[in-house]
Structure formats: structure tokens, C-alpha cells
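# Inside the fold
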Amino acid sequence: MRISVLGAGNMGGALIGGILSAGAAKPEEVWATSRTPERAADLASKFGIQATAGENASAARDAEIIVLAVKPGNVPKVVREIRDSLDETQILISLAAALPISIIEDAAACQLPVFRAMPNIPVVAGEGAIGICHNRIARPEHREIVERIFRAVGVAVWVDEDQMDAVTALSGSGPAYIYMVIEAMMAAGVKMGLSREVSLRLSEQTVLGAAKHAKESTLHPAILRDQVITPGGTTIAAIHELERHGLRSMLISAIETATHHAGRRTAALLEEIKRHES
Ligand SMILES: NC(=O)c1ccc[n+]([C@@H]2O[C@H](COP(=O)([O-])OP(=O)(O)OC[C@H]3O[C@@H](n4cnc5c(N)ncnc54)[C@H](OP(=O)(O)O)[C@@H]3O)[C@@H](O)[C@H]2O)c1
């Protein structure tokens, strides 16, 4: 299997790292491109893969899977650049936030399976959360190949394209919310006299352990929370404070706002693409 990742920056690089360390592809099966020779040299030395500055069309030719990992506004241009290298047997995967599949189909001018995936940055640790949708041409065998790639770097779920804004707001941006939780818990530990190091290790592990427990359990998170509470105890005293400050309501509002923002981002992106093309 040959995978070409066009525009291997933060996310493309994280995906390559995850795929290689999971053994889903060998270094000689991966070709990455970047804009600058410096980034290409970094990628080649870090992963032992073929990496070039530009040369998107050569990288796309004969690749079974082509991952579009450039910034969303650059995607149509890069797809037009590789258009003559594409055929119906290849699979195109776009990681671009807010960019509809139809824009990629128009630029490709070729009837091939197109997938749109929204990964998040923990793919770098093999623990990404990835929402994926696809066009009408994609068949179950294509889905299987794409799912295998993303399963190598985390948990993949299938959604409809009109749900991608919610996926972006929930899990695409989600790591930022959780890093804030870790940061705040660490600060609280420091305020209460723990060392920074101890406080950070306990905060990180608490988030990781709670997530793992919730994932492995069949119980609703509210039941798991209740199991930690002793009547009249410490946890319920803290939960009362969290409720008073509206933790759950705050998160619901934040994700609702981010979903609407993602929708507006699509409209702005389409405008930007139209402007560049006229
Ligand atoms: N970061 C995230 O958490 C995240 C999450 C979900 C989805 N995404 C999506 O992933 C995509 C990439 O985001 P990112 O954060 O990884 O951005 P990034 O770090 O800026 O990566 C973009 C890469 O594209 C390269 N590039 C630019 N023009 C190119 C061209 N014409 N041909 C080949 N390569 C080119 C750049 O090369 P140089 O480095 O040489 O400039 C850079 O390495 C975006 O579409 C974004 O919506 C990102």
C-alpha cells in the first residue's frame, strides 16, 4: 500500500507518525510533501520516508491513498495540481476542517472515492478521535481501508457530512478544552501546596484514568461520577462548586458555539476560494 500525505505539517506529520508506529504502513510506503525543503528534510530524517518540497503530482501518481493535509484554503489548488495523476482506483482523504467534499470532487474532476476526516491531535499518541464521512462513490471496501488507517491512530467513527461541524467542535477542538482542565487542576494542586511536578503528574493521570475507565465501562458517566461520591464527603463538596459555576452548561455552550462557528467557517472558506479563483 502506498500512502502519499500532501502537506505534512502538524496534523499530516502526526498521522504519519501514528501510522508508522502502529505498523499500518512501512516507511518505504509513505511519501510526504511540504512547501519548504526544510520541512521535507525534517520529515525524511524523522520518519525515514520519502519527502519532497512540492512534487504533489508525482507523490499522488500511483499512490493508493492520497491524504490532503494542507490548510483548507489550499486544498482546491493542490487537488487541481494532482488532477492528472488521479484515477478511479485511488482513495482521496481530506483532513481539511470545514471544507465540503463537493469542492474536492469538483477540483478532482474524476469519479473517485473521497473521504473527509476530522482527526484530533492525540493521533500523535495513537489515541486520536476521528470522525469520517464520504461521498457516494465510496464502497464498503474503501471504508474498510480508510478505517484501518485511522484505527491505527485512535478511534474512528462514521458520521454524515452535515454532522462534521459538531465533530469539529467536540473532538477536533476537544483536546484544547481538556488541556485547560489539566492546566487548571495542576494550578489548584500547586495552590494547595503540591509541587508543580507532582501536581501535573496527578492531573494528567486523573484525566487519562477517568477517560480509560469511562471508555471501558458500560455505565453512563453520571453513574461513574456518583460512584466516586460519599455522602457528606469531599467529592460532593467539590461537585457543588462545579455545578455552582456551571461546568456542564459551560461545556455544552462552548461546543454549541464552536459548532456554529465551524458552519460559518465553511461559508467564509467557500467565499475565500471563490475570490482566489476569480
Ligand atoms: N492541527 C489540528 O489539530 C487539526 C485537526 C483536524 C484537522 N486539521 C486539518 O489538517 C490540515 C493541516 O493543518 P495543520 O495544523 O497540520 O497545518 P500546518 O502545520 O500548517 O501544515 C500544513 C502543511 O502544508 C504544507 N504545504 C503548504 N502548501 C503546500 C503545497 N502547495 N504543497 C505541499 N505542501 C504544502 C506546509 O509546508 P511547510 O511546513 O513547508 O510550510 C505545512 O507543512 C488543515 O486542513 C486542518 O484543517 C488540523
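Further up the page is the structure itself.
A brief structural summary. These numbers come from a predicted model, not from an experiment.

### Overview of the overall build of the protein
Summing up its helical and strand segments, the protein has twelve helices and eight strands in all. Its C-alpha atoms put the protein at 70 × 40 × 35 Å along the principal axes. Burial statistics for the protein: of 278 residues in total, 40% are counted as buried. Residue pairs at least 24 apart in sequence account for 61% of intrachain contacts in the protein once pairs closer than 6 positions are excluded. Summed over all atoms, the accessible surface of the protein reaches about 15,700 Å², with 57% contributed by carbon and sulfur. Across the protein, the 28 positively charged side chains and the 32 negatively charged ones have centroids separated by 4 Å.

### Brief notes about the pairing of strand β4 (residues 65-68)
Within a regular beta strand, the side chains point alternately toward one face of the sheet and then the other, so they alternate between its two faces. Side chains of β4 alternate between two faces, with Ile65 and Val67 and Ile66 and Leu68 buried alike. Sheet analysis places strand β1 (residues 3-6) next to β4, joined by four bridges and oriented parallel. Note that in β4 the partner of Leu6 across the bridge is Leu68. Pairing analysis gives four bridges linking β4 to strand β5 (residues 91-94), with the strands arranged parallel. If you follow Leu68 over to β5, its bridge partner there is Ser94. In the classification by handedness, the crossover that spans β4, the intervening helix α4 (residues 75-82) and the parallel β5 is right-handed.

### Description of the pattern of salt bridges
Enumeration according to the criterion identifies seven salt bridges in this entry. The residue Arg116 makes a salt bridge to Glu161 at a minimum N-O spacing of 2.8 Å. Here Arg116 is found in strand β6 (residues 114-118), whereas its partner Glu161 is found in the loop between β8 (154-158) and α7 (164-172), with 45 residues between them in sequence. Here Arg116 falls in the buried class, since its relative accessible area comes to 5%. Assessed through its relative accessible area of 30%, Glu161 is described here as partly exposed. The partner of Glu271 in a salt bridge is Lys274, and the shortest N-O contact between them spans 3.7 Å. Of this pair, Glu271 and Lys274 both sit in helix α12 (residues 247-277), three residues apart, which is roughly one turn of the helix. Glu271 sits in the partly exposed class, given a relative accessible area of 41%. Judged by relative accessible area, Lys274 falls into the exposed class, the value being 55%.

### What to know about a nonpolar patch on the surface
Judged by side-chain polarity, Leu242, Leu247, Met250 and Leu251 come together as a nonpolar surface patch covering roughly 350 Å² of accessible area. In terms of residue count, α12 provides more of the nonpolar patch than any other element does, three residues in total. As for its placement among the helices and strands, Leu251 is situated in helix α12.

### Notes on the site of the ligand
Taken together, 24 residues lie near the ligand, and Asn10, Met11, Thr36, Val70 and Ala97 sit nearest. Here an oxygen atom of the ligand sits 3.3 Å away from a polar atom, N or O, in the main chain of Gly9. Here an oxygen atom of the ligand and a backbone polar atom of Met11 are 2.7 Å apart. In isolation the ligand offers 900 Å² of accessible surface; the protein chains occlude 81% of this area.

Calculation rules
- Residues numbered from 1 in each chain as written.
- Predicted model: local features only at pLDDT ≥ 70, side-chain atom pairs only at ≥ 80, totals over all residues.
- Heavy atoms only, no water.
- Helix = DSSP H or I, 4+ residues; strand = E, 2+ residues; numbered from the N terminus.
- Buried < 20%, exposed > 50% of the residue type's maximum accessible area, 1.4 Å probe, protein only.
- Contact = heavy atoms within 4.5 Å.
- Areas by Shrake-Rupley, 256 points an atom, 1.4 Å probe, with all protein chains shown as cover.
- Lys, Arg positive; Asp, Glu negative; His and termini not counted.
- Charge placed at Lys NZ, Arg CZ, Asp CG, Glu CD.
- Pairing = 2+ DSSP bridges.
- Right-handed = clockwise from strand over helix to strand, strands pointing away.
- Salt bridge = Lys/Arg side-chain N within 4 Å of Asp/Glu carboxyl O.
- Patch = residues over 30% accessible without salt bridge, like charges linked within 9 Å, V, L, I, M, F, W, Y side chains within 5 Å.
- Near = heavy atom within 4 Å.
- Polar contact = N/O pair within 3.5 Å; in protein donor to acceptor, adjacent residues only side chain to side chain.

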